[in-house]
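# Residue-level structural notes
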Amino acid sequence: MRWIIPISLVILLLALLLPLIFVYSPALPMPGEADEPEEPEEISPPPDAGEPESPLQDAALILRVLAGDEVWEMSMAEFLQGVVAAEMPARFHPEALRAQAVAARTYALHRMLVAPSPRHPEAHVCGSYACCKAFHPPERLRERWGDGFEHYSAVIAEAIRDTDGIILLYEARPILAAFHAGSYGYTEASGAIWGEVPYLQSVRSFESEADMPRFYAAETLTFTAFRDTVRREFSDAVLEDGNTLDWITSIVYTDSGRVAHLDIGGVTVTGPQFRRLFGLRSTAVRFSFDADGITITTGGHGHGVGMSQFGANTMANLGHGFMEILDWYYTGVTFGRTEDLALDLR
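Figured I'd write up the structure that's included with this text. (Residues numbered from 1 in each chain as written. Predicted model: local features only at pLDDT ≥ 70, side-chain atom pairs only at ≥ 80, totals over all residues. Heavy atoms only, no water.)

## Things to note about the overall build of the protein chain
Helices and strands together make up the secondary structure of the protein chain, namely 10 helices and 14 strands. When each of the 346 residues of the protein chain is scored for burial, the buried share is 47%. The long-range fraction of contacts in the protein chain, counting pairs at least 24 apart against all pairs at least 6 apart in sequence, stands at 67%. (Helix = DSSP H or I, 4+ residues; strand = E, 2+ residues; numbered from the N terminus. Buried < 20%, exposed > 50% of the residue type's maximum accessible area, 1.4 Å probe, protein only. Contact = heavy atoms within 4.5 Å.)

Right, here's the structure in full:
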């Protein structure tokens, strides 16, 4: 009986002390504060899409591609190899390359099923960036990459294979998966350029001067050179020597910070028109005047709509997977597979 009381006391003391131990325990580190960072979650295909079939979907889908003056038949995998290589630096993060592969695949299917190009009815897509997407055949890539050809080809092939058949859908149809090189803080909404598209809205983009070469670009034109350039296309513009500060007025910017339109010598010019007129990298434009002329400074590169490629690479370097990247840049889309569409696979 001598041991019954001490044991009881021990049990009682433990019952009283255990809650205090938990209350006063040090807090767990917040994400990112731990000594060893957690491994990122494994990227997997859309949960409702199922496993890729054999043969791979990209290998089974045949496209007609206008390259130069000839129409070639090739698999989606072959087409994507040339497009991803032409459109995005092969040194980019693998997740950015995967995002590019999905965007390019989706764009091709949009051309096939939703909006065929009247410029080349004989082909689904072409290799011109001005119409569809740039495409580089193997021989051109071998010249471009030299001794790195085998390595970079394998890197891009892996990005295509890892995303085999994955596409972006809006209301069950492949989207117009527009993309551009780099944004200046925010992407541009399609309504500012092409007309309203619900999934091409302005979103924050995270690349900066540290992530993108020539993030800022400046060009100084003499007043004479500026006037001559404007008058070649807008002959009604009134640009008098004594009033150079009044040459550019009424600048209106879009919500993304790009020029929507401005007046030059009394003529209204849209942002895209102004960009083409002076061969600028973007419509994120600012002006400054001095005795030497007009300095035009741009931020980012490209039309600004859809996925920013340097933004995608920045997100990938921050730990985001390709599906997160695509979901960020394309508003309200879902993921699917080519096998879900009514396609002639052969």
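## A look at the sheet that holds strand 7 (residues 216-221)
Across the sheet, which stays open at both edges, the three strands sit in the order 7-12-11 with antiparallel pairing between neighbours. Bordering the open sheet on either side are strand 7 and strand 11 (285-290), each of which pairs with just one other strand. Taking the axes of each pair of neighbouring strands and ignoring which way they run, one obtains an average angle of 20° across the sheet. Bridge analysis of strand 7 against strand 12 (residues 293-299) gives six bridges, and the strand direction is antiparallel. In the strand pairing of strand 12, alanine 218 is matched with threonine 297. (Pairing = 2+ DSSP bridges. Axes fitted to C-alpha atoms, helices over the stretch in contact; angles between N-to-C directions.)

## Brief notes about the environment of alanine 189
Following the sequence through the fold, alanine 189 ends up in the loop between strand 6 (179-180) and strand 7. Relative accessible area serves as the criterion here: at 17%, alanine 189 is assigned to the buried category. Separated by 12 residues in sequence, alanine 189 and glutamine 201 have C-alpha atoms that sit 4.2 Å apart. Those residues in contact with alanine 189 that sit more than four places away from it in its chain are Leu200, Gln201, Ser202 and Val305.

## Considering the sheet that holds strand 5 (residues 173-174)
With antiparallel pairing, three strands are arranged side by side in an open sheet as 5-4-14. Across the chains shown, the open sheet's two edge strands, defined by having one partner strand only, are strand 5 and strand 14 (334-337). Across the face of the sheet, helix 4 (residues 94-113) comes into contact with strand 4 (166-170) and strand 5 while running at roughly 55° to strand 4.

## Describing unusual backbone geometry
With phi around 55°, glutamate 171 is a residue other than glycine that occupies positive phi space. At arginine 214, a position not held by glycine, the phi torsion is positive, near 55°. One can find arginine 214 in the loop between strand 6 and strand 7. Here arginine 214 falls in the exposed class, since its relative accessible area comes to 54%.

## Thoughts on the pattern of salt bridges
If you walk through the whole model with that rule in mind, you get four salt bridges. In this structure, the salt-bridge partner of glutamate 95 is arginine 98, at a minimum N-O distance of 2.4 Å. Remark: arginine 98 and glutamate 95 occur in helix 4; sequence separation between them is three residues, near one turn of the helix. Residue aspartate 241 pairs with arginine 227 through a salt bridge whose shortest N-O separation is 2.5 Å. Here aspartate 241 is found in the loop between helix 7 (223-233) and strand 8 (248-253), whereas its partner arginine 227 is found in helix 7, with 14 residues between them in sequence. Take aspartate 241: its relative accessible area is 60%, and that puts it in the exposed class. Given the relative accessible area of 14%, arginine 227 is considered buried. Put simply, Glu95, Arg98 and Asp162 are held in one network by salt bridges that share partners. (Salt bridge = Lys/Arg side-chain N within 4 Å of Asp/Glu carboxyl O.)

## A closer look at the packing of helix 7 against helix 8 (residues 271-278)
At a minimum axis distance of 10 Å, the contact between helix 7 and helix 8 shows a crossing angle of 120°. Relative to helix 8, the element helix 7 lies oblique. Handedness of the crossing formed by helix 7 with helix 8: right-handed. Every residue of helix 8 that contacts helix 7 at Phe226, Thr229, Val230 and Glu233 is listed here: Phe274, Leu277 and Phe278. (Parallel < 35°, antiparallel > 145°, perpendicular 65-115°, else oblique. Left-handed = near helix turned anticlockwise from the far one by under 90°.)

So far we have only geometry, and geometry alone does not tell us how the molecule works.
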